[in-house]
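Geometric and topological summary
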Amino acid sequence: MAMHDVNFSTHVGLEIIADKWNALILRQLTSEFIPFMELRTAIRGISTFNFLLKLEQLEELNLVTSNTDYEYRLTANGQQIQRILAHIETLGRQALNHLATEVK
């Protein structure tokens, strides 16, 4: 059977990790709790309101969790997505290096 497009679920999943703010949050967090203000200071260029919305969305997707002290960390699923993002970054770097050598 020939595939002409990725399925809708795959498309939605790719949209989640392709979102700049989601990717930055997922790359910044670890398995240890990080205070909100420390996280907020590390990620600039987004309003605090929208930043909180992104964190809430990532919590709803079970990628991030928080505690009553407004600290955030990755869930096991979030850690898995973080590893995927790291692999994507490596792939991108390799592709850029390949393009750079072709241009020379």
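Here, the structure is the one placed above.
Everything in this summary refers to the structure shown in the same document. (Residues numbered from 1 in each chain as written. Predicted model: local features only at pLDDT ≥ 70, side-chain atom pairs only at ≥ 80, totals over all residues. Heavy atoms only, no water.)

1. Focus: the pattern of salt bridges
A side chain with one charge can pair with a side chain of the opposite charge if their charged atoms come near. The full count for this structure, using the stated rule, is three salt bridges. Arg27 is the salt-bridge partner of Glu89, the closest N and O atoms lying 2.9 Å from each other. Pair noted here: Glu89 is in helix α5 (residues 76–103) and Arg27 is in helix α2 (residues 20–28), with a separation of 62 residues, a long-range link. Under the relative-accessibility criterion, Glu89 is labelled partly exposed at 38%. Judged by its relative accessible area of 38%, Arg27 is partly exposed. Through salt bridges with shared partners, one network takes in Arg27, Glu89 and Arg93. (Salt bridge = Lys/Arg side-chain N within 4 Å of Asp/Glu carboxyl O. Helix = DSSP H or I, 4+ residues; strand = E, 2+ residues; numbered from the N terminus. Buried < 20%, exposed > 50% of the residue type's maximum accessible area, 1.4 Å probe, protein only.)

2. Comments concerning the packing of α2 against α5
Where α2 contacts α5, the axes come no closer than 9 Å and their chain directions differ by 110°. Relative to α5, α2 is oriented roughly perpendicular. Contacts between α2 and α5 pair Ala23, Leu26 and Arg27 from the former with Ile81, Gln82, Leu85, Ala86 and Glu89 from the latter. Of the residues assigned to the contact of α2 with α5, the class counts are five nonpolar, one polar and two charged. (Axes fitted to C-alpha atoms, helices over the stretch in contact; angles between N-to-C directions. Parallel < 35°, antiparallel > 145°, perpendicular 65-115°, else oblique. Contact = heavy atoms within 4.5 Å. Nonpolar A, V, L, I, M, F, W, Y, C, P; charged D, E, K, R; others polar.)

3. Quick look at the nonpolar core
In a soluble, globular protein the nonpolar side chains are often hidden away together inside. If you look at the biggest cluster of nonpolar residues, it comprises 20 residues, and the most contacted ones within it are Leu26, Leu29, Leu39, Phe51 and Val64. The contact partners of Leu29, leaving out residues within four places of it in the chain, are Ile34, Leu39, Val64, Tyr72, Arg73, Leu74 and Gln82. (Core = buried A, V, L, I, M, F, W, Y, C linked by side-chain atoms within 4.5 Å.)

4. So, unusual backbone geometry
Phi at Asn62 is positive, roughly 60°, even though this residue is not glycine. Checked against the element boundaries, Asn62 lands in the loop between α4 (48–60) and β2 (64–66). With a phi angle near 60°, Tyr70 is a residue other than glycine that sits in the positive phi range. You can see Tyr70 is positioned in the loop between β2 and β3 (71–74). Residue classification places Tyr70 among the exposed positions, given a relative accessible area of 59%.

5. Some points on the side chain of Arg40
Along the chain, Arg40 turns up in helix α3 (residues 36–42). One buried charged side chain, Arg40, makes no salt bridge at all; its nearest oppositely charged neighbour is Asp19, positioned 13 Å away. In this view, Arg40 contacts Ile46, Ser47, Thr48 and Phe51; residues no more than four positions away in its chain are not counted. (Lys, Arg positive; Asp, Glu negative; His and termini not counted.)

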